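Given next are the chains, with one letter for each unit.
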Amino acid sequence: MQKLGSYLAGAWSQGAGARMALVNPATEEPLADVASGGHDLAAAFAHARETGARELGARTFAERAALLSALAKAIHGAREELLALAVANGGNTRGDAKFDIDGGALTLGHYAELGEKLGAAPLLPDGDAIQVGRTARMGGQHVWARRRGVAVHINAFNFPGWGLCEKLAPALLAGMPVIAKPATATALVAHRLVELFAPLLPPGALQLLVGPAGDLLDHVRTGDVVAFTGGSATARSLRVHPAIADHAVRLNVEADSLNAAVLGPDVELTSETGALFLADVVRDMTQKTGQKCTAIRRVLVPAAREAEVCDALRERLGAIVVGDPAQDNVRMGPVATAQQLRDVREGIARLAAATDSVFGGTGETAHAKGYFVGPVVRSTKTPMTCAPLHAHEIFGPVVTVGIYDGDAGEAAAFVAKGEGCLVSSAYSDERDWVARFVGGAGAWAGRLYLGSSKMAAQSPGPGTALPSLLHGGPGRAGGGEELGGIRGLHGYMQRVALEGDASVLKSLLG
Ligand code: NAP
């Protein structure tokens, strides 16, 4: 069995202590194991602060962009091997695995292109110069300056490839060395990626800790950034971590999300917009077995369309083959871990007590081994007061369909009931309705996806986080912000207001 090591202070090390197994969630067979501790993390932070920061700081944006380009190429070169690891260790179908691995390469490529354009800029401008004195001579200019510190990246189990890359790309481009900690259960992909990436990067630019976090966060200091993706309970413990609090360490949280999809009152299910809505709901339920932070969980449809929507979902989900994703005919694999299966089952039971079954009952399947749960659709006639629908994220292939009278304000209030989400979507070709929806729902989502007939043919769906658009959301979703093109760099830079002779300020921007 493969023994996964951590890449710390310039060397691979096995750590010490009891070893934890990584398994294939479809067969429960062990694939690899990792140590539960025993790493010198103080040395890893010193290596990042001294060597990694110096090496990255000596390079321009364009030179750091070239590094990202090399990483993207390395993924392309090892694509088949990486896809196979994602299938074995993540319960991914080949399509799911591509979403993770190709998404990682795409994000690195996006930041490589952005960085090339930034060239050798010493600072990044934030808005235009302003006059702050009596005359134009006395000016002000906000800029983004390089941060001196270490970026600690803690990722969730569901996107070991994309998750590593979407955090790594903006951090390295901004000039911050990274210590990455993937979720233990699915760490095979991230581990292989770091094996590929490390020789292509300057010393200290990227380190990897596999296995539990241990005392990782005790070492963070002023100037460091912790970017966390995972559950809200873990996020809560990070928010009050003494080292993070004492040193005012910047903490970015990407957590749970009860994403909503609303069908506008103008949309016939047989129209392009209607077809897009159905395809998006089914894709989000089944892709990655619903283990996407951006997946649709709550669906709202006009009362007159409820039966039609439920019939269409029954028909489409009935054709999904659930099983070992290593088999070609399988369209949906297991959830990633035994704990994940327990959590999903508990979530369905809570929901089942307050809703009616439309499809899949409580998700039981006939598999003797593996962490399988079938697609589940529930329904409620009282979506605004159905407490479990808005209180718990079920991180699996489960949606609930509620009904409304078609009012855009009510649709926005439904989104708001989730208390902050990464993304929510509305499907309508009626511009006034869409404007009212956006006006009401904008406060509650990091991204609003507006499905319509005009964009249906080229839409990646709400579940795809694009590198050019913001990822993150208010409230329950953690309050964080990642990606969004150049905005993604800002989390790893320091905003400074410069005040002085306007011509000096201009020259500083190069
Ligand atoms: P999790 O249990 O919170 O774990 C997330 C990460 O935190 C893992 O790497 C975990 O390591 C690490 N961790 C756990 N305790 C820690 C501690 N005390 N200090 C430092 N690190 C610690 O979440 P998960 O089960 O992997 O992921 C599922 C959740 O992630 C879902 O709720 C989902 O909504 C959320 N998610 C959100 C987004 C987003 O972008 N908003 C994306 C994906 C997933 P170990 O694996 O070693 O325990």
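Keep in mind the model is a prediction, meaning the values are calculated, not measured. (Residues numbered from 1 in each chain as written. Predicted model: local features only at pLDDT ≥ 70, side-chain atom pairs only at ≥ 80, totals over all residues. Heavy atoms only, no water.)

Things to note about the pairing of strand E16 (residues 376–380)
Burial analysis of E16 places five of its five residues in the buried class, the great majority of the element. Burial along E16 is two-sided: the face carrying Val 376, Arg 378 and Thr 380 and the face carrying Val 377 and Ser 379 are both buried. Here three bridges tie strand E15 (residues 356–359) to E16, and the two strands are oriented antiparallel to one another. Across the sheet, Asp 356 pairs through a bridge with Ser 379, a residue of E16. In this sheet, strand E17 (residues 398–404) lies alongside E16 in parallel orientation, the contact comprising five bridges. For Ser 379, the partnering residue across the bridge sits in E17 and is Val 401. (Buried < 20%, exposed > 50% of the residue type's maximum accessible area, 1.4 Å probe, protein only. Helix = DSSP H or I, 4+ residues; strand = E, 2+ residues; numbered from the N terminus. Pairing = 2+ DSSP bridges.)

What about unusual backbone geometry?
One non-glycine residue, Lys 288, adopts positive backbone phi at about 55°. Relative accessible area serves as the criterion here: at 3%, Lys 288 is assigned to the buried category. Of note, the phi angle at Glu 419 is positive, near 55°, even though the residue is not glycine. The residue Glu 419 is located in the loop between helix H13 (408–416) and strand E18 (421–427) in this model.

Some details on the pattern of salt bridges
Pairing between side chains becomes possible if they bear opposite charge and their charged atoms approach one another. Counted by the stated rule, this structure contains 19 salt bridges. A salt bridge links Arg 283 to Asp 280; its shortest N-O distance comes to 3.0 Å. A residue pair is termed a helical-turn pair when its members lie 3 or 4 positions apart in one helix, as Arg 283 and Asp 280 do in helix H9 (residues 272–286) at three residues. For the salt bridge of Glu 364 with Arg 345, the shortest nitrogen-to-oxygen distance reads 3.8 Å. On the criterion of sequence distance, the pair formed by Glu 364 in the loop between E15 and E16 and Arg 345 in helix H11 (residues 338–352) is long-range, its members being 19 residues apart. Sharing partners across several salt bridges, the network here consists of Arg 79, Glu 80, Arg 94 and Asp 102. (Salt bridge = Lys/Arg side-chain N within 4 Å of Asp/Glu carboxyl O.)

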